[in-house]
Amino acid sequence: TTPSLPNLLSLDALSLSNLIQTRQVKCVDLMNQTLTRINDINDPNQQQQQQQYLNAIVSMKSKQELMNEAYLADEDLDNGIGKGWLHGIPLAIKDLSNVKGLPNTLG
């Protein structure tokens, strides 16, 4: 990963897409920042006193699986294979939709 990256999560999706497509930002770096942020606000064991626990994401793939997907997205882009403007941008799917391997709680 690239050292001393800016807070990528403060950028909008189009800006992130441009940075990823032009290879100024790696998908693995974005995924790492995303997973860190999810952990910071979604895990009650990681909470600081002034932050509120959200429990916004009730289920997700393992960190290893998500980082591997980001690595493969980078590999595709490095080989000139793009899959649209959202390629490499982490997405959360509301659990009202059926997603293979994840529970559908209708929550």
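See the structure above.
As a convention, each chain's residues are numbered from 1 in the sequence order in which they are written. Note on the predicted model: pLDDT of at least 70 is required for a residue's local features to be given, and 80 or more for side-chain atom pairs to be given and counted; whole-chain, interface and lining totals, by contrast, use all residues. Excluding hydrogens and water, the side-chain values take into account all heavy atoms of the structure.

## Observations concerning the overall build of the protein chain
Now for step 1: Helix and strand content of the protein chain: three helices and zero strands.
Now for step 2: Each helix and strand of the protein chain, placed in order from N terminus to C terminus, yields the pattern α-α-α.
Now for step 3: Within the protein chain, residue pairs in contact and separated by at least 24 positions form 53% of the contacts whose partners lie at least 6 positions apart.
Now for step 4: Areas reported here follow the Shrake-Rupley algorithm with a probe of radius 1.4 Å; residue values treat only the protein chains shown as occluding. Carbon and sulfur atoms make up 51% of the accessible area of the protein chain, which amounts to about 7500 Å² in all. Secondary structure follows DSSP: runs of H or I at least 4 residues long count as helices, runs of E at least 2 residues long count as strands, and numbering of each begins at the N terminus. Any two residues whose heavy atoms approach within 4.5 Å are treated as being in contact.

## Structural notes on the nonpolar core
Now for step 1: Definition of nonpolar core: a set of buried residues of the types Ala, Val, Leu, Ile, Met, Phe, Trp, Tyr and Cys, connected through side-chain atoms within 4.5 Å. Here's how the labels work: a residue is buried when its accessible area is under 20% of the maximum for its type, exposed when over 50%, partly exposed in between, all with a 1.4 Å probe on protein chains only. If you look at the biggest cluster of nonpolar residues, it comprises 16 residues, and the most contacted ones within it are Ile 20, Cys 27 and Leu 30.
Now for step 2: Elements with a contribution of two residues or more to this core: helix H1 (13-21), helix H2 (27-42) and helix H3 (63-78).
Now for step 3: If you tally residues by element for this core, the top one is H2, at six residues.

## What about unusual backbone geometry?
Now for step 1: If you check the backbone angles, Arg 23 has positive phi at about 65 degrees while not being a glycine.
Now for step 2: Along the chain, Arg 23 falls in the loop between H1 and H2.

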